[in-house]
Amino acid sequence: MKKFLFTLFLTVFFLSLFTPLVIYNRYTANLTAPQNKIPTSLVVEYSDGTPLYSPKTVWVDFDDIPVIIKDSVIVSEDKRFYTHSGVDLIGVARALFTIITTDEIQGGSTITQQLARTLYLTQERTWKRKIKEALIALWLEQNYSKNEILEMYINSVYLGNGVYGFPAAAKFYFNKTLEQLTPLEIAMLTATLRSPEKANPLKELNKDFTKNVLRKMKEAGVLTELEYSRALEELKNIDIRNTNDFARSFDQDLFWIIVTELKELGFELGDLRNGFRVRTTIDKKLQELLVSNITKDQWAGLIVEHSTGKIRAAYGLGIINGRRQLGSAIKPFYYYLAFMAGYNLDDFLPDNPIKIGRWEPENFDKKFRGKVTIEYALAHSLNIPSINLFLKLGQGNVTNFLKNTLMISGFYPNDATLALGTLETSVADVAQGYSAIFTGGLVIRPRIVEYVKDKNGYVYYSYKPALVNVVKPPKEFDKRTPLEASILTLRAMEKVVTEGTSRSAQMPGRKIYGKSGSAENYAWFVGGDGKYLFILARDNVKEVSGLVVTPKWREIAVKTEIGYTPISLPINSKIQRFNVMGDSENLTEPKTVTGEAPESTSTTSQPETINSVQETNQNKPIKLSREEIVSRVKTSSITANELVEVLKSYSPDERRTILSEINSLSQELAAEVYQKLLDQGIEF
């Protein structure tokens, strides 16, 4: 009998000793590290680093969390946090006693237990869950320091409305950072821990809970008597609902433009939500300017740096994938092609009634002028002369140029109505096409992502221009270089604003190159200077662009720097003339256009011939021939830095030609070389 009792005693002893260890190991052996369970989020910023929108989670390191926040959480939730081992037995006993003797309910869970519940368990109220919670809390205390646990708790605890952690809650409820919070606001967030959905700062119940937190903070010495009294007084008058502008500030359409580009760059949204930071190219002031001046139900606006492709502001629907008929804003594209083919600004185009099949197009004013110059036709957006030019160039050639050289996607009609802009395309594609005109032949895709970093600061992507093409004149359209064609097109686009259909875009002391466009239900104005392209489109409109869009464009542009930066091309250079139309079509200018200057060359400086422009270089780099450059690019025996040094010895026009050939072999290399040349201030 004694032997049996001894054996039973040993059995009970060992079971009581090892059973908890077995249970502990069972629940903790395969636990994922808590850092991987913390709900982190993608942080998206304006170009200046300020948040573009408030994410539902934000991580702040322990040392950067204000002491008052740490103290507030501890005195309210777990006074013995730094002394217990994860489970506070005294706190549990006190909670049970309170529940038994009063109607007040107390949880008794430590900060560590709450963290365990947040990261690993559900919110169900069962003894089984409480046991798991305690075991995981012990495991956390064994593997992480108190400061690490508190850091994870403050950054991950649920605070209502889908918001996790104090940093994100500070932004969501008060539009502040942690450092900017007042003692009252800290108490309000701490009070939310008791009932995140029923007592968060948007609910009246939060005030009652906040008073209790403030009292605890005063009793623990976190607040002075004066600070406590002041916070109570402020609490009487606070109305948090007036300060919460999170929902209004979030632009879902802009967010998905960013996400779409990130996917193109190889980043999936699900992966980026793990604490990545995305800096965009969006200028906060320009973006706010668009948001405050146009509405999404009628307008779409895009501001781009045409030499880099950086999107500085984007607001409206269908910016990157919408389809709007372009109207006469298409005309500069094929006029640009015509100038490469050898047409001159003062060449004449017929302006007489025309019939193409059953189509009988008219000018907007329903008048015919007999003949007008090419410059006058574009400046005044005359349809008949433009259609005649389009037919001379050939519909197939124009379509091919727009599609495969300017890389403009969309719906192309298979008829001559294309000349008047029945092409349906996106705002971003229009910017891409115009970038070639403003840069002298560089087709640059608008992009919005400046860089992508992980939460440790490692850079996964850094911006470089998306140089999708460099204009190379098609065969039989190569009498002029793309640079020369750009200059002629821009001269005509300047007349659009100073004398033509878009005079309402004029701003004193500024120079704008622009073109309006009106189509069925759509109206456009595209305007720019030496730095920016600003494209504005309006939907569901019957009036012509000059009556509705151009004035709105000016209303916005006058509040920006657009128009002050001179065009970077040698705009006053002498351009060689060609006679592609024959003498019979270049007779004396008719009376209908008397007084129209054939070419805007007025300048105080002496004109220069483009091809004679050569740069001096003190280091006199070795000048490789174009053939040698192409050969070395093909064999990968020349670096981007070496190409930059070689290209310095060439004229701007020659650089474009060589860059075009490099681009045909490697777009990535061409983009890198282009960026390095820009960084060094080398002209094109």
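Anyway, here's the lowdown on the structure attached to this text.

In this section: the overall build of the chain. A tally of regular secondary structure across the chain gives 26 helices and 15 strands. Looking at the chain residue by residue over its 684 residues, the buried ones come to 53%. In the chain, the proportion of contacts linking residues at least 24 apart, taken out of those at least 6 apart, comes to 70%. Surface accessibility of the chain: about 32,100 Å² in total, with carbon and sulfur atoms responsible for 51%.

Turning next to the sheet that holds strand β11 (residues 459-462). Strands pair in a sheet through their backbones, by hydrogen bonds, and they do so in one of two ways: parallel or antiparallel. The sheet built from four strands is open, its strands ordered β1-β2-β10-β11 with mixed pairing. Two strands in the sheet have a free side with no partner beyond their single neighbour: β1 (43-45) and β11. If you compare each strand with its neighbour and ignore which way they point, the axes differ by 15° on average. Here strand β10 (residues 449-453) pairs with β11 via three bridges, running antiparallel. Note on β11: the bridge partner recorded for Lys453 is Val459.

Below, the discussion takes up the packing of helix α16 (residues 331-340) against helix α20 (residues 427-439). Contact pair α16 / α20: the axes reach a minimum separation of 10 Å and the direction vectors enclose 30°. Note that α16 runs across α20; the crossing there is left-handed. Contacts between α16 and α20 involve Pro332, Phe333 and Tyr336 on the former and, on the latter, Val430, Gly433, Tyr434, Ala436 and Ile437. Classifying every residue of the contact of α16 with α20 by side-chain character gives seven nonpolar, one polar and no charged.

The element strand β14 (residues 521-528) is largely enclosed, with a buried count of six among its eight residues. Summarising the sheet, strand β13 (residues 513-519) and β14 pair through seven bridges and their orientation is antiparallel. Pairing of Gly514 across the sheet is with Gly527, part of β14. Counted along the chain from β13 to the antiparallel partner β14, the turn is one residue long. Where β14 lies against strand β15 (residues 532-541), eight bridges are found, and the strand directions are antiparallel. Note on β15: the bridge partner recorded for Val526 is Ile535.

Spatial ordering of the open sheet is given by β4-β3-β15-β14-β13, a layout of five strands whose pairing is antiparallel. Across the chains shown, the open sheet's two edge strands, defined by having one partner strand only, are β4 (311-316) and β13. The sheet shows a mean angle of 10° between the axes of neighbouring strands, taken without regard to direction. With seven bridges joining them, strand β3 (residues 299-305) and β15 adopt antiparallel strand pairing. Each residue of the ladder has a partner; that of Gly301, found in β15, is Leu536. Across the sheet, α20 touches β3, β13, β14 and β15, and the angle it forms with β15 is around 145°. Along the sheet face, helix α21 (residues 482-498) touches β13 and β14 and points at about 70° away from the line of β13.

Here we come to the packing of helix α24 (residues 640-647) against helix α26 (residues 667-679). Each packed pair of helices is defined by two parameters, the angle between the axes and the distance between the axes. For the pair α24 and α26, interaxial distance at closest approach is 9 Å and the crossing angle is 55°. As the angle between them shows, α24 and α26 are arranged oblique. Classified by chirality, the crossing of α26 by α24 is right-handed. When α24 is examined against α26, the residues Ala640, Asn641, Leu643, Val644 and Leu647 are found in contact with a partner set consisting of Leu669, Glu672, Val673, Lys676 and Leu677. Per-class residue counts for the contact of α24 with α26 are seven nonpolar, one polar and two charged.

It is worth spelling out the pattern of salt bridges at this point. Here the structure, examined in full by the defined rule, presents 24 salt bridges. Two residues, Lys236 and Glu233, come together in a salt bridge whose shortest N-O distance is 3.5 Å. Residue Lys236 and its partner Glu233 are both found in helix α11 (residues 225-237); the two are separated by three residues, about one turn of the helix. Of the residues examined, Glu233 reaches a relative accessible area of 45% and is grouped as partly exposed. Two residues, Glu555 and Lys552, come together in a salt bridge whose shortest N-O distance is 3.6 Å. Of the two residues, Glu555 and Lys552 are both situated in helix α22 (residues 545-557); the distance of three residues between them amounts to about one turn of the helix. Owing to a relative accessible area of 18%, Lys552 belongs among the buried residues under this scheme. Each of Glu45, Arg277 and Arg279 takes part in a single network of salt bridges with overlapping partners.

So, about the side chain of Thr190. Secondary-structure assignment places Thr190 in helix α9 (residues 183-192). A distance of 2.8 Å separates a polar atom in the side chain of Thr190 from a polar atom in the side chain of Ser72. Among residues more than four places away in sequence, those in contact with Thr190 are Ser72, Val73, Ser76, Phe166 and Val213.

Turning our attention to unusual backbone geometry. Phi at Asn161 is positive, roughly 55°, even though this residue is not glycine. Position of Asn161 relative to the elements: it lies in the loop between α7 (146-156) and α8 (166-174). Using a relative accessible area of 29% as the deciding quantity, one classes Asn161 as partly exposed. Its identity is not glycine, yet Ser636 carries a phi of approximately 55°, on the positive side.

Moving on, we get to α26. Taking 1.5 Å as the rise per residue, α26 with 13 residues should run 18 Å; its terminal C-alpha atoms sit 18 Å apart, in good agreement. Buried residues belonging to α26 abut β9 (442-445), β12 (466-470), α23 (626-634), α24 and α25 (652-665). Taken from the residues just after α26, Gly681 is the one with a positive phi, measuring 70°.

This next bit is on a negative patch on the surface. On the surface, Asp61, Asp63, Asp64 and Glu179 cluster together into a patch of negative charge. Take Asp63: it is sitting in the loop between β1 and α3 (67-77). Among the residues examined, Asp63 registers a relative accessible area of 71% and is labelled exposed.

It is worth spelling out the side chain of Thr439 at this point. Its place among the elements puts Thr439 in helix α20. A residue is classified by how much of its surface remains accessible, and Thr439, at 6% relative accessible area, is buried. Here Ser435 takes part through its backbone oxygen, which lies 2.7 Å from a polar atom of the side chain of Thr439. For Thr439, the contacting residues outside a window of four places in its chain are His306, Ser307, Leu569 and Arg656.

What counts and how
Residues numbered from 1 in each chain as written. Predicted model: local features only at pLDDT ≥ 70, side-chain atom pairs only at ≥ 80, totals over all residues. Heavy atoms only, no water. Helix = DSSP H or I, 4+ residues; strand = E, 2+ residues; numbered from the N terminus. Buried < 20%, exposed > 50% of the residue type's maximum accessible area, 1.4 Å probe, protein only. Contact = heavy atoms within 4.5 Å. Areas by Shrake-Rupley, 256 points an atom, 1.4 Å probe, with all protein chains shown as cover. Pairing = 2+ DSSP bridges. Axes fitted to C-alpha atoms, helices over the stretch in contact; angles between N-to-C directions. Left-handed = near helix turned anticlockwise from the far one by under 90°. Nonpolar A, V, L, I, M, F, W, Y, C, P; charged D, E, K, R; others polar. Parallel < 35°, antiparallel > 145°, perpendicular 65-115°, else oblique. Salt bridge = Lys/Arg side-chain N within 4 Å of Asp/Glu carboxyl O. Polar contact = N/O pair within 3.5 Å; in protein donor to acceptor, adjacent residues only side chain to side chain. Expected span 1.5 Å × (residues − 1). Patch = residues over 30% accessible without salt bridge, like charges linked within 9 Å, V, L, I, M, F, W, Y side chains within 5 Å. Lys, Arg positive; Asp, Glu negative; His and termini not counted. Charge placed at Lys NZ, Arg CZ, Asp CG, Glu CD.

Read these as spatial facts, not as claims about activity.
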